[in-house]
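Read off the chains here:
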Amino acid sequence: MTAAPLDLDLESENARLESATPEQRLAFAAKTFGKDLLFTSSFGARSGVLLHLWSVVCRELPVTFIDTGFLFDETLLYRSELTARLGLDVRVVRPDLTREAFVASFGDDIQKRDPDLCCSVNKVAPIAPLREKARAWVSGLRRDQSRTRADVAILETEGHLVRVHPLATLTAADVAAYLARHGIPEHPLVARRYLSIGCAPCTRAVADGEDERAGRWAGSAKTECGLHARPTPGPLSRAGG
Ligand code: SF4
């Protein structure tokens, strides 16, 4: 396993970064971790903000996109559009099994019977080698997305990793304003009230008054795919740990 990062005092860094801008938070992560900073984007409903910030602050570093095989066609088109517009270096990772082979092995109702297994094979496993090599991981979690994300910190620890959430304090209105200010298009399904967008079999539109993420795995107790299972704040594991 890669050595743990620097002697970061997460408590004081979080206190300082709480009043910083998302761009300043991302710049801090880029300066601290350099090429050991992993950034995954789903190119989902609100991804345009962090992708734009990345293109400003970390353009030379890659963006990792997990193509599970079950994504909406609109997501793949949106990825192509934003990649070209923002000049991003997008690296696509895929599961070992194609969609067809996976469904043939596990059944075409696998997402209903065992979505955790499906996410484990198609989302979590493909990113594991990059996760292992990284020292920090940037993603776009925000506190107002759902109750399960309401306490997300800007910096959190997860084993040897520092999880970095530059957008933690932004609201959905902030996101919409940012996209408009920078002329960044929204994911095309947002107009149909898909306000959080993952794989097609596990995503529906949300009704007025529902959480942004209420359309993910609706009707089941599942709320996260496993990439962003919320870690418990605590000390960093040390080098060699
Ligand atoms: S979100 Fe649904 S289709 Fe995508 S990997 Fe998870 S269970 Fe499978």
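Numbering of residues starts from 1 in each chain and follows the order in which that chain's sequence is written. Since the coordinates come from a predicted model, pLDDT governs what is reported: local features require at least 70, and pairs of side-chain atoms require 80 or more to be given and counted, while whole-chain, interface and lining totals use all residues. To get the side-chain values, take all heavy atoms of the structure and skip hydrogens and water.

Things to note about the overall build of the protein chain
Point 1. Strands are runs of DSSP state E lasting at least 2 residues, helices are runs of H or I lasting at least 4, and numbering of each runs from the N terminus. Each helix and strand counted, the protein chain has eight helices and six strands in total.
Point 2. Put simply, the protein chain runs from its N terminus to its C terminus through helices and strands in the order α-α-β-α-β-α-β-α-α-α-β-β-β-α.
Point 3. Radius of gyration: C-alpha atoms only; globule rule: 2.2 Å multiplied by the number of residues to the exponent 0.38. The C-alpha radius of gyration of the protein chain comes to 17 Å, within 12% of the 18 Å expected for a compact globule of 241 residues.
Point 4. Viewed in the frame of its principal axes, the protein chain has a C-alpha envelope of about 45 × 40 × 35 Å.
Point 5. Burial here depends on accessible area, computed with a 1.4 Å probe over protein chains only, as a share of the maximum for the residue type. Under 20% is buried, over 50% is exposed, and the range in between is partly exposed. In the protein chain, which comprises 241 residues, the share counted as buried stands at 49%.
Point 6. Contacts are assigned to residue pairs with any non-hydrogen atoms lying within 4.5 Å of each other. Residue pairs in contact within the protein chain that sit at least 24 positions apart in sequence constitute 74% of those at least 6 positions apart.
Point 7. Residues counted as positive are Lys and Arg, residues counted as negative are Asp and Glu, and His and the chain ends are not counted. One atom stands in for each charge, and that atom is NZ of Lys, CZ of Arg, CG of Asp or CD of Glu. Separation of charge centres in the protein chain, based on 31 positive and 31 negative side chains, amounts to 2 Å.

A closer look at the site of the ligand
Point 1. For the ligand, the full set of nearby residues is Phe 70, Gln 111, Pro 115, Cys 118, Cys 119, Asn 122, Lys 123, Cys 199, Cys 202 and Trp 217.
Point 2. Here the shell around the ligand takes five residues from helix H7 (residues 115–133), the largest share from any one element. For each residue, the test is whether any non-hydrogen atom lies within 4 Å of the molecule or strand; if one does, the residue is near.

Quick look at the sheet that holds strand S5 (residues 155–158)
Point 1. Paired strands, as defined in this entry, are two strands with at least two bridges between them according to DSSP. Overall, mixed pairing links the four strands, which are arranged S1-S4-S6-S5 in an open sheet. Of all strands in the sheet, those bounded by a partner on one side alone are strand S1 (37–39) and S5. Going from strand to strand, the sheet's axes swing by 25° on average, the running direction of each strand aside.
Point 2. Running at roughly 140° to S1, helix H3 (residues 48–57) makes contact with S1 and strand S4 (136–138) of the sheet. Fitted lines through C-alpha atoms give the axes, limited to the stretch in contact for helices. The angle between two N-to-C directions lies from 0 to 180 degrees.

Focus: the pairing of strand S3 (residues 90–93)
Point 1. Pairing of strand S2 (residues 63–66) with S3 involves four bridges; the strand directions are parallel. Looking across to S3, one finds that Phe 65 is bridged to Val 92.
Point 2. As a crossover connection, the stretch from S2 through helix H4 (residues 73–86) into S3 is right-handed. Handedness of a crossover is defined as follows: orient the strands so they point away from the viewer, and if the path from the first strand over the helix to the second runs clockwise, the crossover is right-handed.

With respect to the pattern of salt bridges
Point 1. For this analysis, a salt bridge means a side-chain nitrogen from Lys or Arg found within 4 Å of a carboxyl oxygen belonging to Asp or Glu. Tallied over the full model, the rule gives 17 salt bridges.
Point 2. We note a salt bridge from Asp 116 to Lys 222, for which the minimum N-O separation is 2.7 Å. Of the two residues, Asp 116 is situated in helix H7 and Lys 222 in the segment after helix H8 (172–181); the sequence distance between them amounts to 106 residues.
Point 3. Take Asp 116: its relative accessible area is 47%, and that puts it in the partly exposed class.
Point 4. Residue Arg 142 is joined to Asp 144 by a salt bridge in which the shortest nitrogen-to-oxygen separation is 2.7 Å.

A look at the environment of Arg 216
Point 1. In this fold, Arg 216 is placed in the segment after H8.
Point 2. Remark: the alpha-carbon pair of Arg 216 and Phe 33, spanning 183 residues in sequence, is separated by 32 Å.
Point 3. Contacts of Arg 216, omitting those with residues within four sequence positions, involve Lys 123, Ser 196, Ile 197, Gly 198, Cys 202, Thr 203 and Lys 222.

Let's talk about the nonpolar core
Point 1. Working definition of a nonpolar core: buried Ala, Val, Leu, Ile, Met, Phe, Trp, Tyr and Cys residues. They are joined through side-chain atoms within 4.5 Å. The biggest cluster of nonpolar side chains holds 46 residues, and the ones touching the most others in it are Leu 37, Phe 43, Val 49, Leu 51, Trp 54, Val 138 and Leu 155.
Point 2. Excluding residues that lie within four positions of it along the chain, Leu 155 makes contacts with Leu 10, Glu 13, Asn 14, Leu 17, Phe 28, Val 162, Arg 163 and Val 164.
Point 3. If you look at the next biggest cluster of nonpolar residues, it comprises 12 residues, including Ala 134, Trp 137, Cys 225 and Leu 227.

Purely spatial values, then, with no claim about function.
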